[in-house]
Amino acid sequence: MTHYNPKAWFSFIFQLHKSDTFRKLLPMMVLIGLYTAGICYLELTVWKLSENSHVKNIPLMHSMVGFVISLLLAYRTNTAYDRWWEGRKLWGSLVNSSRNLALKLSAILKEERDTAFFKKMIPAYAEVLQRHLSDEEMSLTLFDDLTLAIDHQKHSPNQLAKVLYQKLLTLHDSGKISGEQLLILNADLQVFTEVCGACERIKNTPIPYSYSAFIKKFIFIYIMTLPFGYVFSLGYYTIPVVIFIFYVLASLELIAEEIEDPFGMDMNDLPTKKIASSIKKHIEELL
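Calculation criteria
Residues numbered from 1 in each chain as written. Predicted model: local features only at pLDDT ≥ 70, side-chain atom pairs only at ≥ 80, totals over all residues. Heavy atoms only, no water. Helix = DSSP H or I, 4+ residues; strand = E, 2+ residues; numbered from the N terminus. Buried < 20%, exposed > 50% of the residue type's maximum accessible area, 1.4 Å probe, protein only. Contact = heavy atoms within 4.5 Å. Expected span 1.5 Å × (residues − 1). Phe/Tyr/Trp six-rings, centres within 6.5 Å; stacked < 30°, edge-to-face > 60°. Lys NZ or Arg CZ within 6 Å of the ring centre and 35° of its normal. Bend = angle between axes of the 7 residues up to and from the residue. Axes fitted to C-alpha atoms, helices over the stretch in contact; angles between N-to-C directions. Parallel < 35°, antiparallel > 145°, perpendicular 65-115°, else oblique. Left-handed = near helix turned anticlockwise from the far one by under 90°. Nonpolar A, V, L, I, M, F, W, Y, C, P; charged D, E, K, R; others polar.

Asks: Give me the overall build of the protein: which residues, what numbers.
Replies: Scanning the protein from terminus to terminus reveals 9 helices and 2 strands. Along its sequence from the N terminus, the protein presents helices and strands in the succession α-α-α-α-β-β-α-α-α-α-α. By the burial criterion, 42% of the 287 residues in the protein qualify as buried. Pairs at least 24 apart in sequence give 76% of the contacts found in the protein among residues at least 6 apart.

See below:
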């Protein structure tokens, strides 16, 4: 995730970050400029269309559908941001539950061997979940002297949650924690699986293909028809105007595509790896 100062206006305007949509759209903007220049040349020099040509009225269509495309893009970006923000809230819940579980275990458990187990395993769940959501491979040795054999053919976070539950039941059977304490600890541990399921719902349910494809086609047709009518009023100045309109519309779609899956490795995705490291640091302090 990119960290920045929201008050630094000039840096936003004049600096090009590698995640900036301008950099990504530059080749397409050049093609749009050449296409617009070709239309301008044909209408002004080759065809020599008069002011009475019906082609001059094409912008009437753009004024009618412009409102529609603005609504579609606003809904698209809002939906994508909702997915991004929900993902952040879910990882916030994982942070809180990890801390609460560690706080309670530090007060309940007396043997260092037991606390050392949870000191390793609670942060391990956050790391496994982070790698699971970003489709990274997991090694067998996760933390120092703790080795966890993960079957990559099975659900990795579930395997780790199962180990945690089994350890709590073993402590209960040995009399180290009471039934009431087990229920209290179970509430925090249950959040782990709930967070995992909600994150998978976001990751595995993209925006419907037909909706995303329609917006792209709509933007393409809208941009391709812009030069025909604008030439009569702007002449060759139509070229930068059309390029700018394409940049604005296509940038909104690109931003929505990037943040709708917040668990990837894009620059604007959630810093899940950093959050997992933060969980590890806090759990080690508590246990």
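The structure having been displayed, the exposition proceeds.
Asks: Tell me about helix α5 (residues 156-173), and please be specific about residues and values.
Replies: Compared with the 26 Å implied by 1.5 Å per residue over 18 residues, the 26 Å span of α5 between its first and last C-alpha is a close match. For α5, the set of buried residues is S156, P157, Q159, L160, A161, L164, K167, L168 and L171. Residues of α5 that are buried in the fold lie against α3 (59-108), α4 (112-133) and α6 (179-204). Downstream of α5 by one or two residues, G175 has phi in the positive range, about 80°.

Asks: How would you explain the packing of aromatic side chains if you had to name every residue and give the values?
Replies: Aromatic ring pairs are described here by two measures, namely the spacing of the ring centres and the angle between the planes. This structure, assessed with the given rule, holds 7 aromatic pairs. Here the aromatic rings of W84 and W85 are separated by 6.4 Å at their centres, their planes lie at 20°, and the arrangement is stacked. Three or more aromatic residues joined by ring pairs make a cluster, and in this case those are Y81, W84 and W85. Here the guanidinium or amino end of K167 rests over the ring plane of F117, the centre of that ring lying 5.1 Å away.

Asks: Report on helix α7 (residues 209-234), specifying residues and quantitative values.
Replies: Helix length check: α7, at 26 residues, gives a terminal C-alpha distance of 37 Å against a target of 38 Å (1.5 Å per residue), a fit within 8%. A bend of about 35° at F228 is the largest found in α7. A positive phi of about 65° marks G235, the residue just after α7.

Asks: An account of the packing of α3 against helix α9 (residues 272-286) is needed here, citing residue identities and associated values.
Replies: Their axes nearest at 9 Å, the elements α3 and α9 cross at an angle of 15°. Taken together, the axes of α3 and α9 lie roughly parallel to each other. Every pair of crossing elements has a handedness; the one defined by α3 and α9 is right-handed. For the pair α3 and α9, contact is made by R88, W91, L94, V95, S98, R99, A102, L103 and S106 and by T272, I275, A276, I279, H282, I283 and L286, respectively. Across the contact of α3 with α9, the residue classes break down as 10 nonpolar, 4 polar and 2 charged.

Shape is all these values report; function is a separate question.
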